[in-house]
Amino acid sequence: MFDSKINKGYKVTIPIELVEELGIKENDKISLKINEQGNMEIIPRKKTLNDIKGMISDENMDSLKDTAKAGRGEKI
(Lines give C-alpha, C1' and ligand atoms only; values in the text may rest on other atoms or scores of the structure.)
Protein backbone atom coordinates (compact mmCIF):
# COMPACT_ATOMS: atom_id res chain seq x y z
CA MET A 1 0.00 0.00 0.00
CA PHE A 2 1.18 3.52 -0.78
CA ASP A 3 0.16 6.73 0.94
CA SER A 4 -0.51 10.01 -0.81
CA LYS A 5 -1.94 13.36 0.23
CA ILE A 6 -4.80 15.45 -1.14
CA ASN A 7 -3.21 18.78 -2.15
CA LYS A 8 -4.74 22.20 -2.79
CA GLY A 9 -7.35 21.95 -5.55
CA TYR A 10 -7.93 18.27 -4.63
CA LYS A 11 -4.87 17.17 -6.62
CA VAL A 12 -3.28 13.85 -5.74
CA THR A 13 0.25 12.73 -6.54
CA ILE A 14 0.49 9.11 -7.63
CA PRO A 15 3.60 7.49 -6.10
CA ILE A 16 6.31 6.69 -8.66
CA GLU A 17 6.17 2.98 -7.79
CA LEU A 18 2.53 2.85 -8.93
CA VAL A 19 3.23 5.00 -11.99
CA GLU A 20 5.93 2.56 -13.07
CA GLU A 21 3.90 -0.54 -12.23
CA LEU A 22 0.86 0.73 -14.17
CA GLY A 23 2.96 2.01 -17.08
CA ILE A 24 1.47 5.51 -16.81
CA LYS A 25 3.19 8.17 -18.92
CA GLU A 26 2.92 11.95 -18.78
CA ASN A 27 -0.36 13.16 -20.36
CA ASP A 28 -1.95 9.69 -20.18
CA LYS A 29 -5.51 9.67 -18.89
CA ILE A 30 -6.68 7.59 -15.98
CA SER A 31 -10.11 6.55 -14.81
CA LEU A 32 -11.00 6.35 -11.13
CA LYS A 33 -13.72 4.13 -9.75
CA ILE A 34 -14.96 2.78 -6.45
CA ASN A 35 -14.94 -1.03 -6.38
CA GLU A 36 -17.36 -3.34 -4.53
CA GLN A 37 -15.22 -3.19 -1.39
CA GLY A 38 -15.47 0.63 -1.33
CA ASN A 39 -11.85 1.16 -2.41
CA MET A 40 -10.76 3.49 -5.19
CA GLU A 41 -9.20 1.90 -8.27
CA ILE A 42 -6.91 3.66 -10.74
CA ILE A 43 -7.38 2.42 -14.31
CA PRO A 44 -4.83 3.65 -16.87
CA ARG A 45 -6.34 4.64 -20.23
CA LYS A 46 -4.25 4.64 -23.36
CA LYS A 47 -5.31 6.92 -26.21
CA THR A 48 -8.02 5.49 -28.42
CA LEU A 49 -9.40 6.65 -31.75
CA ASN A 50 -12.11 8.56 -29.87
CA ASP A 51 -9.42 10.55 -28.02
CA ILE A 52 -7.82 11.73 -31.27
CA LYS A 53 -11.00 12.15 -33.33
CA GLY A 54 -11.32 15.71 -34.59
CA MET A 55 -7.66 16.62 -34.09
CA ILE A 56 -7.12 16.85 -37.83
CA SER A 57 -9.31 18.79 -40.24
CA ASP A 58 -8.97 18.69 -44.01
CA GLU A 59 -9.42 22.42 -44.74
CA ASN A 60 -6.26 24.38 -45.59
CA MET A 61 -4.10 21.48 -44.47
CA ASP A 62 -0.31 21.86 -44.47
CA SER A 63 0.83 18.29 -43.94
CA LEU A 64 4.27 19.10 -42.49
CA LYS A 65 3.06 21.70 -40.01
CA ASP A 66 -0.05 19.70 -39.14
CA THR A 67 1.94 16.50 -38.59
CA ALA A 68 4.22 18.38 -36.18
CA LYS A 69 1.21 19.81 -34.32
CA ALA A 70 -0.49 16.40 -34.11
CA GLY A 71 2.75 14.92 -32.77
CA ARG A 72 2.60 17.46 -29.92
CA GLY A 73 -1.06 16.61 -29.27
CA GLU A 74 -2.29 20.01 -30.50
CA LYS A 75 -5.54 20.50 -32.39
CA ILE A 76 -5.07 21.21 -36.07
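Note on numbering: residues in each chain are counted from 1, in written sequence order. The model is predicted, so local features are restricted to residues of pLDDT at least 70 and side-chain atom pairs to those at 80 or more, both for listing and for counting; the totals for chains, interfaces and linings are taken over all residues. Excluding hydrogens and water, the side-chain values take into account all heavy atoms of the structure.

J.: Could you give an account of the overall build of the protein chain, naming the residues involved and the relevant values?
T.: A count of helices and strands for the protein chain gives three helices and two strands. Put simply, DSSP marks the helices as runs of H or I at least four residues long and the strands as runs of E at least two long, and each gets a number from the N terminus on. Along the protein chain, helices (α) and strands (β) appear in the sequence α-β-β-α-α when read from the amino end. If you take every contact in the protein chain between residues at least 6 apart in sequence, the share linking residues at least 24 apart comes to 2%. Only the protein chains shown count as covering a residue, and every accessible area follows the Shrake-Rupley method with a 1.4 Å probe. Put simply, the protein chain shows about 7,100 Å² of open surface, and 53% of that area lies on carbon and sulfur atoms. The contact definition used throughout considers only heavy atoms, calling two residues in contact when any of these lie within 4.5 Å.

J.: Go over the pairing of strand 1 (residues 29-34), please, and point to the residues and values.
T.: The pairing criterion is simple: DSSP has to find at least two bridges between the two strands. As defined by bridge partners, strand 1 adjoins strand 2 (residues 40-45) across six bridges and the pair is classed as antiparallel. Looking at strand 2, one finds that K33 is bridged to E41. Between strand 1 and strand 2, which pair antiparallel and follow one another directly, the connecting turn spans five residues, one of which, G38, has a positive phi of 85°.

J.: Give me unusual backbone geometry: which residues, what numbers.
T.: The backbone phi angle of Y10 is positive, close to 60°, even though this residue is not glycine. Within the secondary structure, Y10 sits in the segment before helix 1 (16-22). Residue exposure (1.4 Å probe, protein chains only): buried if accessible area is under 20% of the type maximum, exposed if over 50%, otherwise partly exposed. A residue is classified by how much of its surface remains accessible, and Y10, at 75% relative accessible area, is exposed. Positive phi outside glycine occurs at N27, with the angle close to 75°.

Any link to function would need more than the numbers given here.
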